[in-house]
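One letter stands for each residue in the lines below.
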Amino acid sequence: MSSHPNDLRLDIQEKGASREGQSQTLNSRLFMQLQVFGSCNDSSVLLHSLKQNGFEGVVYEDVNDPRGVGILAMSEDPKYFVTRLRRQLTDEAFRAVVQKHEYTMLGRTYSTGFEGDLQDWLLKRPLRTCLNPEWPWAIWYPLRRTGAFARLSPQEQGAILREHATIGRAYGEADLGHDVRLACYGLDTHDNDFVIGLIGRELYPLSHIVQAMRKTKQTSEYIQAMGPFFVGHVLWQSSLKPD
């Protein structure tokens, strides 16, 4: 017998691995947004404006545009992006620059159910990664899986994702590259599924991660679209607040 629609119980909390016999759940996430601007003849003017207005995040210089900058903002409250951040990005200093809308990326941290420390994974680890002064290089890009991936069994999906995770973990343990993974279902102009940030000391290893992932089953068979890619080097980043 089918249940009545009103009997459907929704659970939208993030879940992690059990700790000491207790399940981990959390109804908080970190939202992160990258906005990119061109026609910026003096990035120091934008930076001065942002710092004066108390901006917390990262300002990148665009490797592929000598007059381009990227601004990475983050908040647990998505209302921040249409209030305080909006006021900062419509300041006088930003009137001379041109936004590159194709590079705008907005996503939220998410769990897979296996995280040992759920709160750290969702709220703290992404900040440590993006705000680490020893990791100034970044590649940000969106991606979308094919519908065929969603139709695979959980076991098949798990095996495919573990292949990706193994590669990513190897680069992280070698301090060659560290990732930030965000879900962007319904948040992306082009209906992408995820936003990926690759962060590290040097640029080449980050490019090498993308190259290595090309050979995985997920990328070679189940990715419909990737990019555009934003490549940036930190001009300024806010300090990581102590716990």
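Residues numbered from 1 in each chain as written. Predicted model: local features only at pLDDT ≥ 70, side-chain atom pairs only at ≥ 80, totals over all residues. Heavy atoms only, no water.

## What about a nonpolar patch on the surface?
Selection rule: Patches in this entry comprise residues that are over 30% relatively accessible and not in a salt bridge; like charges within 9 Å are linked, as are nonpolar side chains (Val, Leu, Ile, Met, Phe, Trp, Tyr) within 5 Å. The protein chains shown are the only cover counted for residues, whose accessible areas, like all others here, come from Shrake-Rupley with a 1.4 Å probe. Any Lys or Arg side-chain nitrogen located within 4 Å of an Asp or Glu carboxyl oxygen qualifies as a salt bridge. Counting from the N terminus, the helices are the DSSP runs of H or I reaching at least four residues and the strands are the DSSP runs of E reaching at least two.
Taken together, the side chains of Leu8, Leu10 and Ile12 present a nonpolar region at the surface, about 390 Å² in accessible area. The topology assignment puts Leu8 in the segment before β1 (14–19).

## Side note on the pairing of strand β8 (residues 137–145)
Keep this limit in mind: The buried label goes to any residue with under 20% of its type's maximum accessible area, the exposed label to any with over 50%, and the partly exposed label to all in between, with areas taken from a 1.4 Å probe on protein chains only. Note: two strands are recorded as paired if DSSP finds a minimum of 2 bridges between them.
Judged by how many residues are buried, β8 sits mostly within the fold: eight of nine residues are covered. Here four bridges tie β8 to strand β12 (residues 230–237), and the two strands are oriented antiparallel to one another. Each residue of the ladder has a partner; that of Ile139, found in β12, is Val231. Strand direction decides the pairing type here: β8 and strand β11 (residues 223–226), joined by three bridges, are antiparallel. Residue pairing for β11: Arg145 is matched across the bridge by Ile223.

## What about the side chain of Gln24?
Convention followed: Polar contact criterion, stated in full: a pair of N or O atoms within 3.5 Å, where within protein one must be able to donate a hydrogen and the other to accept it, and residues adjacent in sequence count only if both atoms are side-chain atoms. In what follows, residue pairs with any heavy atoms lying within 4.5 Å of each other are defined as contacts.
With respect to the helices and strands, Gln24 occurs in strand β2 (residues 22–26). Look at Gln24 and you get buried, because its relative accessible area is 11%. Within polar-contact distance, the side chain of Gln24 engages the backbone oxygen of Ala17 at 2.6 Å. Among the polar contacts made by the side chain of Gln24, one reaches the main-chain carbonyl oxygen of Gly116 at a distance of 3.0 Å. Leave out the neighbours within four places in its chain, and Gln24 touches Glu14, Lys15, Gly16, Ala17, Arg19, Glu115, Gly116, Asp117 and Leu118.

## Some thoughts on the environment of Gln99
Assignment of secondary structure puts Gln99 in strand β6 (residues 98–99). Overall, the relative accessible area of 26% leaves Gln99 in the partly exposed class. In sequence terms Gln99 and Gly38 are 61 residues apart; their C-alpha atoms lie 6.2 Å from each other. Excluding residues within four positions of it along the chain, Gln99 makes contact with Gln35, Val36, Phe37 and Thr104. Of note is the side chain of Gln99, whose polar atom sits 2.7 Å from the side chain of Gln35.

## Details of the packing of helix α5 (residues 154–173) against helix α6 (residues 203–213)
Put simply, the rule is: Angles shown run from 0 to 180 degrees and are taken between the N-to-C directions of axes, each axis being a line fitted to C-alpha atoms and, for helices, limited to the stretch in contact. Here roughly perpendicular refers to angles of 65 to 115 degrees, roughly parallel to angles under 35, roughly antiparallel to angles over 145, and oblique to all remaining angles. In this scheme the crossing of two helices becomes right-handed for a clockwise turn of the near helix relative to the far one and left-handed for an anticlockwise turn of less than a right angle.
Running from N to C, α5 and α6 point in directions that differ by 160 degrees, and their axes come no closer than 11 Å. In this view, α5 runs roughly antiparallel relative to α6, as classed from their interaxial angle. The handedness of the crossing between α5 and α6 is right-handed. Taking contact as the criterion, the partners of His164, Ile167, Gly168 and Tyr171 in α5 are, on α6, Pro205, His208, Ile209, Ala212 and Met213.

## Topic: the nonpolar core
Threshold: Note on terminology: a nonpolar core comprises buried Ala, Val, Leu, Ile, Met, Phe, Trp, Tyr and Cys residues joined through side-chain atoms within 4.5 Å.
Counting 26 residues, the largest nonpolar core has Met32, Leu34, Tyr60, Leu72, Cys130, Trp140 and Phe230 as the members making the most contacts within it. For this core, the element with the highest residue contribution is helix α3 (residues 118–130), accounting for four residues. Once residues within four sequence positions are removed from consideration, Leu34 is found in contact with Tyr60, Gly70, Ile71, Leu72, Tyr103, Thr104, Met105, Trp140 and Phe230. Counting residues in each nonpolar core, the second largest holds 19 residues, with Leu46, Tyr80, Leu85 and Trp236 among its members.

## Overview of the environment of Tyr80
Note that Tyr80 resides in the loop between β5 (69–75) and α2 (84–89). The class of Tyr80 is buried, set by a relative accessible area of 12%. Along the chain, Tyr80 and Phe31 lie 49 residues apart, while their C-alpha atoms are 9.6 Å from each other. Excluding residues within four positions of it along the chain, Tyr80 makes contact with Phe55, Glu56, Ala73, Met74, Ser75, Leu85, Arg86 and Gln88.

## Things to note about the pattern of salt bridges
The tally for this structure, following the rule as stated, stands at 13 salt bridges. The partner of Asp117 in a salt bridge is Arg19, with the nearest N and O atoms 4.0 Å apart. Highlighted residues: Asp117 in the loop between β7 (105–108) and α3 and Arg19 in strand β1, separated in sequence by 98 residues. With a relative accessible area of 36%, Asp117 lands in the partly exposed category. Arg19 gets classed as partly exposed once you look at its relative accessible area, which sits at 44%. A salt bridge links Asp120 to Arg128, with the shortest nitrogen-to-oxygen separation between them at 2.7 Å. According to the relative accessible area criterion, Arg128 is partly exposed, its value standing at 37%.

Worth remembering: the numbers are spatial, not functional.
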